[in-house]
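# Structural overview for review
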Amino acid sequence: MFNELILKRESCRNYNGEPVNTDLLLKCVDAARLSPSACNSQPWKYYIINGGENAEKIRECIQPNGANKFVQNCPAFAVVTERPATLKSFVIETVKNSQKWAENDIGLSVAHYCLQAADLGLGTCIIGMVEEEKVREYFGIEDKIRLVIATGYSADEKPRNKVRKALEDAGIKMASAEVSMIPQTYVTLTDEADITNIGRILDLLDDDDDVQEVYHNWDE
Ligand SMILES: Cc1cc2nc3c(=O)[nH]c(=O)nc-3n(C[C@H](O)[C@H](O)[C@H](O)COP(=O)(O)O)c2cc1C
C-alpha cells in the first residue's frame, strides 16, 4: 500500500554494510526517470556508485565538517546532478529562465528514487551536505551537483514512528514541535574555581550567536 510505503521511507542513518545488487539501484533510477518534470524536461542525471574506490571518494565528499558520519557503512550512492532543461518555446518565452523548475523536478525525482528503494527493502538518506567542487573533480562532472542519495540496507529492525503520527495516535493535536535534549548526567562541583568556570562557559555559549540552544542541568 502506498500509505505504508510512505511511512516505511525514512532517512536511514544506520546501515548494516551489506552490499546492494546494482540491478536494484537501477530500478530506483528508473523510478526517478519516470518522475514528472516541467515540460517533461527531465533536467537530471543520476550517477550510480556501488562500492569500491568510488564509494570511498564520494563518502569523503559528503562529510564536510564531520557531518554525515553514518555514510561510512553505506555501500552505494546516487549522485544527482542538474542538467540544462529544454522547456517548450512558449514557456521559455514567458518565464525567461529554462532552469526555473529544475530544482523542483530534481526533488520530485529523488522522492521517486527513495520511495522505490523503500519498496525494494532498501534504506536511503538524501544528502544535501555535499562538497560539490570535490565531487566534480573526483568524478569529472561539469554539471551542478544537487544531491547525493546514500543507499543501502538498514540495520534498524523497523522504521521509526513519524513524530506527527505518534502524537496523533495518542490523541494529541500538535500546535508546534521542537526537539529537546534532557541532560542525564549529574556531577557535583565542590571547587569554587570549577563552579565559576562552568557558569562562565554556559554564559558564553548562551551569548554565542552560532549556538542555537544550550541544554544543561546546572543548578547552584
Ligand atoms: C534536500 C535535503 C537534504 C538533506 N540533507 C541531509 C544531510 O545532509 N544529512 C542528513 O543526515 N539528512 C539530510 N536530509 C534528510 C532530512 O534530515 C530528513 O528527510 C528529515 O529530517 C525528515 O526525516 P525522514 O526523512 O526520516 O522522514 C536531507 C533531506 C533533504 C530533502
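Another aspect to go through is the overall build of the chain. A count of helices and strands for the chain gives 8 helices and 4 strands. In the chain, the order of α-helices and β-strands from amino to carboxyl end is α-α-β-α-β-α-α-β-α-β-α-α. Against the compact-globule benchmark of 17 Å for 220 residues, the chain has a radius of gyration of 22 Å, which places it well outside the compact range. Structurally, the chain occupies a C-alpha span of about 70 × 40 × 40 Å along its principal axes.

Ranked by size, the top nonpolar core spans 38 residues in total, and within it Phe 77, Val 79, Tyr 113, Val 148 and Ile 149 carry the most contacts. The element best represented in this core is helix H5 (residues 102-119), accounting for 7 residues. Non-local contacts of Phe 77, meaning those with residues more than four positions away in its chain, are made with Ile 49, Ala 55, Ile 58, Val 148, Ile 149, Ala 150 and Thr 151.

Let's shift gears to the sheet that holds strand E4 (residues 144-152). Judged by pairing direction, the sheet is antiparallel, and its 4 strands sit side by side in the order E1-E2-E4-E3 without closing on themselves. With partners counted over all chains shown, the strands left at the sheet margins are strand E1 (44-50) and strand E3 (123-127), one partner each. When strand polarity is set aside, the average angle formed by the axes of neighbouring strands in this sheet is 20°. Bridge analysis of strand E2 (residues 76-82) against E4 gives 7 bridges, and the strand direction is antiparallel. Along E4, the bridge assignment pairs Val 80 with Leu 147. Contacting E1, E2, E3 and E4, H5 runs over the sheet at an angle of about 10° to E4.

The next point concerns the site of the ligand. Around the ligand, the neighbouring residues are Glu 10, Ser 11, Arg 13, Asn 68, Cys 125, Ile 126, Ile 127, Gly 128, Met 129 and Leu 147. It is E3 that contributes the most residues to the shell around the ligand, 3 residues altogether. Taken together, the residues of the shell around the ligand sort by class into 5 nonpolar, 3 polar and 2 charged.

With respect to the helices and strands, Leu 189 occurs in the loop between helix H7 (163-169) and helix H8 (192-207). Under the C-beta neighbour-count criterion, Leu 189 is labelled partly exposed, with 14 such atoms within 10 Å. On a C-alpha basis, the gap between Leu 189 and Ala 102 in space is 57 Å, while along the polypeptide they are 87 residues apart. The contact partners of Leu 189, leaving out residues within four places of it in the chain, are Asp 194, Ile 195 and Ile 198.

Turning our eyes to something else, we now look at the domain arrangement of the chain. Taken domain by domain, the chain comprises domain 1 (2-152) and domain 2 (181-220). When each unit is reduced to the centre of its C-alpha atoms, the spacing between domain 1 and domain 2 is 41 Å.

Okay, the pairing of E4 next. Most of E4 sits inside the fold, with 8 of its 9 residues counted as buried. The pairing of E3 with E4 spans 5 bridges and is classified as antiparallel. When the sheet's bridge partners are listed, Thr 124 is paired in E4 with Thr 151.

With respect to the element layout, His 112 can be found in helix H5. When the 18 C-beta atoms within 10 Å are taken as the criterion, His 112 is described as partly exposed. Each C-alpha atom, one on His 112 and one on Ala 32, is 5.0 Å from the other, the two residues being 80 residues apart in sequence. Ignoring sequence-local partners within four residues, the contact set of His 112 consists of Ala 31, Ala 32, Leu 34 and Ser 35.

Mapping Leu 87 onto the fold places it in the loop between E2 and helix H4 (89-95). Using a count of 22 C-beta atoms within 10 Å as the deciding quantity, one classes Leu 87 as buried. The spatial distance from the C-alpha of Leu 87 to the C-alpha of Pro 43 is 9.9 Å, given a sequence separation of 44 residues. Excluding residues within four positions of it along the chain, Leu 87 makes contact with Ala 38, Cys 39, Ser 41, Ile 92 and Ser 98.

What counts, and where the lines are drawn
- Residues numbered from 1 in each chain as written.
- Predicted model: local features only at pLDDT ≥ 70, side-chain atom pairs only at ≥ 80, totals over all residues.
- Helix = DSSP H or I, 4+ residues; strand = E, 2+ residues; numbered from the N terminus.
- Rg over C-alpha atoms; globule rule 2.2 N^0.38 Å.
- Core = buried A, V, L, I, M, F, W, Y, C linked by C-beta atoms within 7 Å.
- Buried ≥ 20, exposed ≤ 12 C-beta atoms within 10 Å, placed from the backbone.
- Contact = placed C-beta atoms within 7 Å.
- Pairing = 2+ DSSP bridges.
- Axes fitted to C-alpha atoms, helices over the stretch in contact; angles between N-to-C directions.
- Near = placed C-beta within 6 Å.
- Nonpolar A, V, L, I, M, F, W, Y, C, P; charged D, E, K, R; others polar.
- Domains from an automatic or database assignment.

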